[in-house]
Every structure is written in C-alpha cells, then in structure tokens.
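Fold and geometry: a report
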Amino acid sequence: VDSFAQAFVRDMRFDVSFLTGAGFSSDFGISNGTPETAAFQRLIADNSRKNIALFPNQKIGFKAFIKDVDVARFDVLITDWDAVDDELDKFRELGLQVIVVEKGK
C-alpha cells in the first residue's frame, strides 16, 4: 500500500474490487489505521467500476482511525450471519446490496 504500489495501480482500471479494512460504517465508510492504506484503497475504489465491501460482523458499524472510502462508492456489502440487522438496514437504505453468508456455507 506504499507509494510504489499506488503508482503501480494509478493507471489501471478494474471491473470489480473487493475491499476490506478495520471497520465499515454507514456514515463513515471503510476505515483503517494508516494513511497509506487509506490512499491505496481510495485509488482502487476510484479506478473500479464496481466496489464490493467484505466485512465480518465484528467490523460492521466500527470506525477505525482513518477514513478510506465513502460508503456511497460501494455497490455490495458481503458479511456473515452474525451481523446486526439494524446496521445492515442502514446500508440497504443507502442503496447497497447486502449479502449475508449463512453459517456453514
């Protein structure tokens, strides 16, 4: 995620990106702990036609130190069966497709 990695992907275009981080909330988007990670993930999201957020239930609604990518940049959230429905409804209200993976699948 350093400046070399950012320079490498700056001129690339992606059909789909799968992004994760330290937290994902409906009002803050993806968040992480370092500015380098935030800058890299913003670049990937900006260069992708479709952005998919991958987060386990423990990270839904959590905000880490630095905002990476706004929730409006995402099309889909994939999470697990223990995610809180109230939190997932907030993402649905913002227009994200929410996919909940069932236990044992």
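Please refer to the structure higher up on the page.
A brief report on the enclosed structure follows.

Conventions we followed
- Residues numbered from 1 in each chain as written.
- Predicted model: local features only at pLDDT ≥ 70, side-chain atom pairs only at ≥ 80, totals over all residues.
- Heavy atoms only, no water.
- Pairing = 2+ DSSP bridges.
- Helix = DSSP H or I, 4+ residues; strand = E, 2+ residues; numbered from the N terminus.
- Axes fitted to C-alpha atoms, helices over the stretch in contact; angles between N-to-C directions.
- Core = buried A, V, L, I, M, F, W, Y, C linked by side-chain atoms within 4.5 Å.
- Buried < 20%, exposed > 50% of the residue type's maximum accessible area, 1.4 Å probe, protein only.
- Contact = heavy atoms within 4.5 Å.
- Salt bridge = Lys/Arg side-chain N within 4 Å of Asp/Glu carboxyl O.
- Phe/Tyr/Trp six-rings, centres within 6.5 Å; stacked < 30°, edge-to-face > 60°.

We now examine the sheet that holds strand β4 (residues 48-54). With respect to topology, four strands assemble into an open sheet ordered β1-β4-β6-β7, the strand pairing being parallel. The open sheet has two edge strands with one neighbour each: β1 (14-19) and β7 (97-101). Looking at each pair of strands side by side, their axes are set apart by 20 degrees on average, direction ignored. Taken together, the three bridges between β4 and strand β6 (residues 76-80) define a ladder with parallel strand orientation. Within the sheet, the bridge partner assigned to Leu 54 lies in β6 and is Ile 78.

Now for the nonpolar core. Membership of the largest hydrophobic core comes to 21 residues, with the highest contact counts inside it found for Phe 24, Phe 74, Leu 77 and Phe 91. Elements supplying a minimum of two residues to this core: α1 (3-9), α2 (35-46) and α3 (85-93). For Phe 91, the contacting residues outside a window of four places in its chain are Phe 24, Ser 25, Ser 26, Ile 60, Val 71, Leu 77, Leu 96 and Val 98.

Within the structure shown, the criterion is met by six salt bridges. With a shortest N-O distance of 3.5 Å, Asp 46 and Arg 73 are connected by a salt bridge. Remark: Arg 73 occurs in the loop between β5 (66-69) and β6 and Asp 46 occurs in helix α2; sequence separation between them is 27 residues. Classification of Arg 73 as partly exposed rests on a relative accessible area of 33%.

Following the criterion strictly, the structure yields three aromatic pairs and no others. Centre to centre, the rings of Phe 24 and Phe 55 are 4.9 Å apart; their planes meet at 5 degrees, and the pair counts as stacked. Note that Phe 24 is positioned in strand β2 (residues 23-25) and Phe 55 in the loop between β4 and β5, a separation of 31 residues in sequence. Each member of the pair, Phe 24 as well as Phe 55, is classed as buried. Taken together, a centroid distance of 5.4 Å and an interplanar angle of 75 degrees make the contact between Phe 24 and Phe 74 edge-to-face. You can see Phe 24 sitting in strand β2 and its partner Phe 74 sitting in the loop between β5 and β6, a full 50 residues away along the chain. Note on Phe 74: relative accessible area 4%, which makes it buried. Among the aromatic residues, those joined into a ring-pair cluster are Phe 24, Phe 55, Phe 74 and Phe 91.

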